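Observations on chain architecture
Below are the chains, spelled out letter by letter.
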Amino acid sequence: MFNWISRALARYLSKPVADFSISTSTWEALQATIQPGDVLLVEGDTRVSVAIKYLTQSTWSHAALYLGEAAGLGHNENGEANTLVEADLEAGIRAIPLSFYRHRHTRICRPVDLGREALEALSRYSRERLGHQYDLKNIVDLARYLLPTPPVPVRYRRRMLALGSGDPTRAICSSFIAQGFQSIRYPILPEVIAMPSDDPKCRECEREFYRIRHHSLFVPRDFDASPYFEIIKPTIAQGFDYRALEWLRS
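Residues numbered from 1 in each chain as written. Predicted model: local features only at pLDDT ≥ 70, side-chain atom pairs only at ≥ 80, totals over all residues. Heavy atoms only, no water.

1. Section: the overall build of the protein chain
Of the regular secondary structure elements, the protein chain holds 9 helices and 8 strands. Scored against the burial criterion, the 250 residues of the protein chain give a buried share of 45%. With an accessible surface of roughly 14600 Å², the protein chain has 52% of that area assigned to carbon and sulfur atoms. (Helix = DSSP H or I, 4+ residues; strand = E, 2+ residues; numbered from the N terminus. Buried < 20%, exposed > 50% of the residue type's maximum accessible area, 1.4 Å probe, protein only. Areas by Shrake-Rupley, 256 points an atom, 1.4 Å probe, with all protein chains shown as cover.)

2. Description of the packing of aromatic side chains
Under the defined criterion, the tally for this structure stands at 7 aromatic pairs. Seen in terms of ring centroids, Phe181 and Phe223 are 6.4 Å apart; in terms of plane orientation they differ by 55 degrees. Their pairing is tilted. Here Phe181, found in helix α7 (residues 174–183), pairs with Phe223, found in helix α8 (residues 221–225); they are 42 residues apart in sequence, far enough to count as distant. This pair shows no difference in class: Phe181 is buried, exactly as Phe223 is. Ring plane angle 85 degrees and centroid distance 5.5 Å describe the contact between Phe223 and Phe229, whose orientation is recorded as edge-to-face. For the residue pair Phe223 and Phe229, the accessibility class agrees, reading buried in each case. An aromatic cluster is present here, built from Phe181, Tyr186, Phe223 and Phe229 joined pairwise through their rings. (Phe/Tyr/Trp six-rings, centres within 6.5 Å; stacked < 30°, edge-to-face > 60°.)

3. Section: a nonpolar patch on the surface
Among the surface-exposed residues, Ile236, Phe240, Tyr242, Leu245 and Trp247 lie close enough to one another that they form a single nonpolar patch of about 660 Å² accessible area. Examined against the element boundaries, Phe240 turns out to sit in the segment after α9 (234–237). We classify Phe240 as partly exposed; its relative accessible area is 49%. (Patch = residues over 30% accessible without salt bridge, like charges linked within 9 Å, V, L, I, M, F, W, Y side chains within 5 Å. Salt bridge = Lys/Arg side-chain N within 4 Å of Asp/Glu carboxyl O.)

4. Here's the deal with the sheet that holds strand β5 (residues 106–111)
In space, the 6 strands of this open sheet follow the order β4-β3-β2-β1-β5-β8, with antiparallel pairing throughout. Either end of the sheet is taken by a strand with one partner, and the two such strands are β4 (92–96) and β8 (229–232). Taken over all neighbouring pairs, the strand axes of this sheet differ in orientation by 30 degrees on average, direction set aside. Bridge count between β5 and β8: 4 bridges; the pairing is antiparallel. Within β8, the residue paired with Cys109 across the bridge is Ile231. (Pairing = 2+ DSSP bridges. Axes fitted to C-alpha atoms, helices over the stretch in contact; angles between N-to-C directions.)

5. What to know about the nonpolar core
Val39, Ile177, Phe181, Phe223 and Phe229 are the most contacted members of the largest nonpolar core, which totals 24 residues. Taken together, the elements giving at least two residues each to this core come down to β1 (39–42), β2 (62–66), β3 (84–88), α4 (116–128) and α7. Broken down by element, the residue count for this core peaks at 4 residues, all from α7. Discounting residues that sit within four places of it in the chain, Val39 has contacts with Ala63, Ala64, Leu65, Arg107, Ile108, Cys109, Ile177, Phe181, Phe223 and Phe229. Ala64, Tyr66, Leu84 and Ile96 belong to the second largest nonpolar core, which has 13 residues in total. (Core = buried A, V, L, I, M, F, W, Y, C linked by side-chain atoms within 4.5 Å. Contact = heavy atoms within 4.5 Å.)

6. Quick look at the pattern of salt bridges
Oppositely charged side chains can form a pair if their charged atoms are brought close together. Evaluation of the coordinates by the stated rule reveals 8 salt bridges. Linking Lys53 and Glu43 is a salt bridge whose minimum nitrogen-to-oxygen distance equals 3.6 Å. On the criterion of sequence distance, the pair formed by Lys53 in helix α3 (residues 47–56) and Glu43 in the loop between β1 and α3 is long-range, its members being 10 residues apart. Neither Lys53 nor Glu43 differs from the other in exposure class; each is buried. The shortest N-O distance in the salt bridge between Arg129 and Glu128 comes to 3.7 Å. A single network of salt bridges, built from pairs that share partners, joins Glu86, Asp88 and Arg94.

7. Concerning α3
Burial of α3 is extensive: 7 of the 10 residues sit out of reach of the surface. Positive phi appears at Gln57, one or two residues downstream of α3, with a value of about 50 degrees.

8. Side note on unusual backbone geometry
Of note, Asp113 is a non-glycine position whose phi angle comes to about 60 degrees, a positive value. Of note in the backbone geometry, Arg185 takes a positive phi value of approximately 65 degrees without being a glycine. Relative to the elements of secondary structure, Arg185 occurs in the loop between α7 and β6 (191–196). Its relative accessible area of 67% is what places Arg185 among the exposed residues.

By themselves, these figures tell us nothing about what the structure is for.
Given below as structure tokens:
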């Protein structure tokens, strides 16, 4: 009974609402610019997306990992190559083509200097988790998103997004991708811990150590804010010339 109610809630929260998302680059530019290893942030249009954008005070409510055709993610029913891996509330971790988001407002976040071995490990991590599901038995986790703007104090908003039972085989949205990057020791927004230096000549000196935050606490905007991911705008990357714009004369 609880599982049936949870699935019904998931379907309700996954339904689109008013759509204000506008693509800010052409489909051709997006195709030509995105590279394997890139994180594609998406401005979603579902009920749960509205809540996530409110809780994170961000445009971005969803994240997907681009691995490209060489990753061997199969094809969809129309014969298109699946190139993205994402965690969906209803379908779980799945592979989809890039065209799934061709009409949405997106942003490319590119991990700097991600080597071939690291990319292969990230791709392997993603393929091994295809088909994993979010634990829908926890009704409370889903019911929190029935309000588009949940009345939650600012300091608790990020923790409210930590969905699920904690089972590492089940993840949602940016948590799944964050865990993948953590598996190859690539930083997103780690906690910085200052410790006294062991240099006897400098008693006031400190050393900085990085501590991995739990993957369930990551949200889509963290990839945008991370100093280790480069923001790539397809229109500029493909050679933007403002002089070529044709303006209507009033």
